[in-house]
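For reference, the chains in residue letters:
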Amino acid sequence: MKKDCILSGLIGLCVGDALGVPVEFKSRDELSKNPVESMIGNGTYNQLAGTWSDDSSLTFCLAESLCTGYDLNDLSLKFCRWLNEGYWTPYGKVFDVGISTKKAIQNLCNGKEPTRSGGNKEQDNGNGSLMRILPIAFFTNDMYVSTMVKVVEEVSSLTHRHNRSIIACSAYVFIANNIIRGKNKKEAFRLLRLNLPFLFSKEKGEEYNNELKHFKRILDKDFFNLPAEKINSSGYVIDTLEAAFWCFMNNDNYKDTVLSAVNLGEDTDTVAAIAGGLAGIYYGINNIPKEWIDAIARKKEIIYLAKKLDESLKKRWSYIGFELLDRINIKKPSKHIIKQNYEKYIKDCENEVRGVLQFSAYSFGYPESDHAVVDAGEVNRQVWRYYHANKKFDIFSLGHLCTAVFFISRARHHQGSYPKKPEEGEVAISKEIVRRIHQLL
Ligand SMILES: [Mg+2]
């Protein structure tokens, strides 16, 4: 994980939001005559300079909730407290809330199930879940892409349940995940183009394919060469995502990214918040103008929140993969089948990964995955972390570990380099797995 990326992401988002607040709804024309160049006050909501809005508030609620694990009920409670009590607002008052978001949070407050609270009609595709989804990128950074998508779907659904919003949030988190892992911008978007069409295709089928056409521009590699006139910056989720990505790609530092986002006009705070989150992570905290950071309301508490989230995510290795993989309904075999396959393949396991892979594939019924290439890197880290940290293996954890190694090798296969001598670390892991399985059986 990139150093300080939680801090630079949260501050980057918040500073972008605060820069845009005074000129929200202003047209591009107006702003071209009098562009925003610094942190100003007053304007649309007559607030002090450095006042951030709903985008940051709900992002902070999510970040804070993730400090104690993944719990949608806890998150719902925080959203309700925000709407009703001004929780995580700069000065105790909510002054900016979207219609869909308000309605959905009221549903939450009335006890509606979190994943059913958001609107799912086509007109419910404002940018209200996209603007607050960034912390999920920190939370899912070590996970399978398919798991990330599941988490995004649930978290978006609290306020925005339509597939278009969910895909938009997934695309954003996908890019954030990749830059957190140190990919450059171009490479992150190349991977998005490669993967987005497949991320939901199995589960959602036709319904999803119909939605994909709305992402055609983002998936076109020439999209970033479009002139500003072709970029809309309204509160419609597709416009916002396009505008934020476009600003991120067409600038080479934090300041220019967020100022270009604000000066596109219309939904200034949200476009700048979304672009600012990415730019913050990408260029780092030292690239965000210090006077802007100093100007934002509750600066110290935001820094503390970022630190808290960073620390708690470092501790929650056991949560990664295992609880969440369970939620994807992975087929669990009987001990008998595991034993059978184990005996069958143990001979191959002496010095290389392949035996473990086959054992895993047969015993645990994991499908071959088109996403394996993308998953391999994160799985690799997951395996290492689990291997070093866990003292109490159980048979299913072992299966997941085996599967992780399976994915790594599968990825190699896709890249045309398998079978190939496995790396030293993989051999060590597979040997250890084999040893532990042996003990258990
Ligand atoms: Mg706002």
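In this text the structure is predicted, and so the values were computed from the model without any measurement.

K.L.:
Quick question: what am I supposed to make of the overall build of the protein chain here?
P.N.:
A tally of regular secondary structure across the protein chain gives 22 helices and zero strands. Expressed as a percentage of its 441 residues, the buried residues of the protein chain come to 49%. Considering only contacts in the protein chain between residues 6 or more positions apart, those separated by 24 or more positions represent 76%.

K.L.:
Where do I start with helix α4 (residues 72-85) in this structure?
P.N.:
An α-helical turn contains 3.6 residues, so any two residues separated by three or four positions project in the same direction. Taking 1.5 Å per residue, 14 residues should reach 20 Å; α4 reaches 19 Å between its end C-alpha atoms and fits that length. Residues Leu75, Ser76, Lys78, Phe79, Trp82 and Leu83 constitute the buried set of α4. What you see down the axis of α4 is that its buried residues fit within an arc of 160°, all on one side. Those residues of α4 that are exposed and aimed more than 90 degrees away from the buried face are Asn73, Asn84 and Glu85. Against the buried residues of α4 lie α3 (54-66), α5 (99-109) and α6 (114-117). Looking one or two places after α4, you find Gly86, whose phi comes out positive at around 75°.

K.L.:
Is there a simple way to explain the packing of helix α9 (residues 163-180) against helix α10 (residues 185-199) in this structure?
P.N.:
Packed helix pairs are specified by the crossing angle of their axes together with the interaxial distance, meaning the distance between the axes. Between α9 and α10, the least distance of the axes is 10 Å, while the angle of their chain directions is 140°. On the basis of their axis angle, the class for α9 and α10 is oblique. Once α9 is placed against α10, the crossing between them reads as right-handed. Taking contact as the criterion, the partners of Ser170, Ala171, Phe174, Ile175, Asn178 and Ile179 in α9 are, on α10, Ala188, Phe189, Leu191, Leu192, Asn195, Leu196 and Leu199.

K.L.:
How do you make sense of the environment of Glu154 when you look at a structure like this?
P.N.:
Residue position: Glu154 is located in helix α8 (residues 145-157). With 18 C-beta atoms packed within 10 Å, Glu154 lands in the partly exposed category. As a C-alpha pair, Glu154 and Pro114 span 40 residues in sequence and 8.0 Å in three-dimensional space.

K.L.:
Would you explain the nonpolar core in this entry?
P.N.:
Considering soluble globular proteins, one finds that nonpolar side chains tend to be buried as a cluster. In terms of nonpolar packing, the biggest core is built from 99 residues, with Tyr172 and Ala275 touching the most fellow members. In terms of residue count, α9 provides more of this core than any other element does, twelve residues in total. Excluding anything up to four places from it in sequence, Ala275 contacts Gly16, Ala244, Cys247, Phe248, Thr257, Val258 and Ala261.

K.L.:
In this structure, what is going on with α5? I would like to understand it.
P.N.:
Burial in α5 covers these residues: Ser100, Thr101, Ala104, Ile105 and Leu108. Seen from one end, α5 has its buried residues packed into an arc of 120°, which puts them on one side. Buried-residue contacts for α5 involve α3, α4 and α6. Remark: Gly111 follows α5 within two positions and exhibits a positive phi of approximately 90°.

K.L.:
I tried to follow the packing of helix α1 (residues 5-20) against helix α14 (residues 268-283) on my own but got confused; where do I start?
P.N.:
Taken N-terminus to C-terminus, the directions of α1 and α14 make an angle of 155°; their axes are 7 Å apart at the nearest point. Comparing their axes, α14 and α1 come out roughly antiparallel. You can see that α1 and α14 cross each other, and the crossing is right-handed. Touching Cys5, Ser8, Gly9, Ile11, Gly12, Leu13, Val15, Gly16, Asp17, Leu19 and Gly20 of α1 are Thr268, Asp269, Ala272, Ala273, Ala275, Gly276, Gly277, Ala279, Gly280 and Ile281, all from α14.

K.L.:
Looking at this structure, how should I read the environment of Leu72?
P.N.:
Here Leu72 lies in helix α4. Look at Leu72 and you get partly exposed, because 18 C-beta atoms sit within 10 Å. For the pair Leu72 and Thr115, spaced 43 residues apart in sequence, the C-alpha separation works out to 8.2 Å. Not counting chain neighbours up to four residues away, the residues in contact with Leu72 comprise Pro114, Thr115, Glu154 and Leu158.

K.L.:
Please clarify how the confidence of the model for the protein chain should be interpreted in this entry.
P.N.:
Parts of the model with low pLDDT should not have their predicted coordinates read in detail. Averaged over all residues, the pLDDT of the protein chain equals 80, while 70% of them reach at least 70. pLDDT under 50 marks residues 345-384. Its contacts with residues more than four places away, or in other chains, come to 98 contacts.

K.L.:
Before we go on, may I ask you to explain unusual backbone geometry in this structure?
P.N.:
Note on backbone geometry: most residues besides glycine have negative phi, and most peptide bonds are trans. Residue Asn42 is not a glycine yet carries a positive backbone phi of 60°. Judged by the 12 C-beta atoms lying within 10 Å of it, Asn42 is exposed. At Trp88, a position not held by glycine, the phi torsion is positive, near 50°. In this structure, Trp88 sits in the loop between α4 and α5. Taking the number of C-beta atoms within 10 Å as the measure of exposure, Trp88 has 25 and is therefore buried.

K.L.:
Got a minute to help me understand the environment of Leu219 in this structure?
P.N.:
Turning to its location among the elements, Leu219 is positioned in the loop between α11 (201-212) and α12 (237-249). Separated by 27 residues in sequence, Leu219 and Leu192 have C-alpha atoms that sit 7.6 Å apart.

Cut-off values and rules
Residues numbered from 1 in each chain as written. Predicted model: local features only at pLDDT ≥ 70, side-chain atom pairs only at ≥ 80, totals over all residues. Helix = DSSP H or I, 4+ residues; strand = E, 2+ residues; numbered from the N terminus. Buried ≥ 20, exposed ≤ 12 C-beta atoms within 10 Å, placed from the backbone. Contact = placed C-beta atoms within 7 Å. Expected span 1.5 Å × (residues − 1). Arc of directions from axis to C-beta. Axes fitted to C-alpha atoms, helices over the stretch in contact; angles between N-to-C directions. Parallel < 35°, antiparallel > 145°, perpendicular 65-115°, else oblique. Left-handed = near helix turned anticlockwise from the far one by under 90°. Core = buried A, V, L, I, M, F, W, Y, C linked by C-beta atoms within 7 Å. pLDDT = per-residue confidence, 0-100.

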